[in-house]
Amino acid sequence: MKKFIFLVMTTFTLALWSCGKYNDIPGNEGELSEDLIVSVEIEQIEQYMMSFRIDSTNAEKISYVVIEDSEEVPSASFVLLNGESVPIDSKEPVVVTDLSSFTYYKLLIAAEGAGKTTMINPITFRTKAEGYITFRSTISSISAAESNDGVVSTIELPIQCVSFEDITASVNFATTDTAYAEDVRAKEGTDYIVKSVTTYNLDATKNRINEVTTDLTVAGVERVINFDAEHCYATLVIETIDNYTKDGNKKFDVVLTTANGCSLTSYNRIAIIIADDENPLSQLFGTYTATAVSASNGFPPNVNWEVTITADDETEDKIWIHPICIFGGLSAHDIYPVYATIDLAQGIIQMPYGQCLYGGEDQEYNMLIAGLGDQPDLSGINIATLTMGDEVVIEWQSDLGVGNTNANEWWYQAIKEIVFTKK
């Protein structure tokens, strides 16, 4: 016999969700009796629960079970014997919990009374899909320069509400600097302002449609982003402020705090680094378009991806590059950043080989970056020339690749002619 799901009944009052009523029909142990009348009304269906109300006349016992839609339907006597009992003449809804989201179920209700047994037609329902809200960026930090000489420096944070069906949801957001030492904390109103948020959808060609912009600088405006079927995407805009002082980089976090109608993913926090524009390295930080050519005979011959360069928390001439390359079908979020050092006087960047990009020595994969050759170079460095002017361009002088040292597997990636161009 198949295993049936019997779910605990709790009771509380809920707002009306649906008004369809399902009337009784003969069960397979008895005939319909005009003296035994049972009807059910579905009240609410959510991601993990549903509720219903039962009206009855002359019923002496009412029971129910909920089973997945693919399972066979048991008899009325089985439901009465093994199901959860419903209090006769109760005015409270019956609440079924611990369901799975976006799943089809059958609600089976059987009753006996006046010497008869009857069972409602099986009621099929589907729980709502579980939506989630997340930062669309997979990086954990973003660097931006201070606004300077009337040129505004803007940070745009993309956010998305993801669901398999139309959904109405919202998320609150906040800025915080408590994770950082007092002398590097960025203060709202002094170092940055939270400017606006725009919600929208994307058409088939990825163009924005249905744009709605909220000015967040207006006093009393709530810091909440609302999503629906026509507005599944949002962009939060933050502008930096020039403090005209060489006081080092400032830091704060943007956090998605409370979601309604959806869950939050782990990508709910992004660190923002405001690079001191009096720091000569500030022009280097930001997002780059990376291009390269395959160094193997594989396909595709050309490789393109997006790279972010951020400042190190402690060392002024040290930077972090993420990701240095894409490999193995991994997303950028799964790949570890690598560090490099800057020599502005010579206009070069030096990145040591042998840095781990994925896994570790005690795991199945220990993916390291290496210089290409007859044997992987894990101890040398790759040097890039740095051009800083109207355009920031980084050109790597040597080829590089990725391999798994735990299994001596080479190459998961092998590229040459690598160029980063700042957006």
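What you see is a predicted model, and the numbers here were worked out from it, not measured in a lab. (Residues numbered from 1 in each chain as written. Predicted model: local features only at pLDDT ≥ 70, side-chain atom pairs only at ≥ 80, totals over all residues. Heavy atoms only, no water.)

(A) Here's a closer look at the environment of T213. Following the sequence through the fold, T213 ends up in strand β16 (residues 208-215). Separated by 22 residues in the primary sequence, T213 and T235 place their C-alpha atoms 9.3 Å from one another. Setting aside its immediate chain neighbours within four residues, T213 contacts S196, V197 and T198. At 2.8 Å, the side chain of T213 forms a polar contact with the side chain of T198. (Helix = DSSP H or I, 4+ residues; strand = E, 2+ residues; numbered from the N terminus. Contact = heavy atoms within 4.5 Å. Polar contact = N/O pair within 3.5 Å; in protein donor to acceptor, adjacent residues only side chain to side chain.)

(B) Here's a closer look at the environment of Q363. Locating Q363 in the fold gives a position in the loop between β27 (356-359) and β28 (366-371). Given a relative accessible area of 45%, Q363 falls into the partly exposed group. When the C-alpha atoms of Q363 and N406 are compared, they prove to be 8.1 Å apart, with 43 residues separating the residues in sequence. (Buried < 20%, exposed > 50% of the residue type's maximum accessible area, 1.4 Å probe, protein only.)

(C) Focus on the sheet that holds strand β21 (residues 269-275). Ordered by their spatial adjacency, five strands build an open sheet running β12-β21-β19-β14-β17, and the pairing between neighbours is mixed. Looking at which strands have only one partner, the edges of the open sheet turn out to be β12 (141-145) and β17 (224-227). Put simply, the sheet's adjacent strands are angled 25° from each other on average, direction ignored. Bridge count for strand β19 (residues 250-260) against β21 is six bridges, and the pairing is antiparallel. Within the sheet, the bridge partner assigned to K251 lies in β21 and is I273. (Pairing = 2+ DSSP bridges. Axes fitted to C-alpha atoms, helices over the stretch in contact; angles between N-to-C directions.)

(D) Examining the sheet that holds strand β11 (residues 132-135) more closely. With mixed pairing, the six strands of this open sheet are ordered in space as β16-β15-β18-β13-β11-β20. Each edge of the open sheet is held by one strand with a lone partner, namely β16 and β20 (263-264). In terms of strand pairing, strand β15 (residues 192-202) meets strand β18 (residues 233-240) through eight bridges, oriented antiparallel. Within the sheet, the bridge partner assigned to V194 lies in β18 and is I238.

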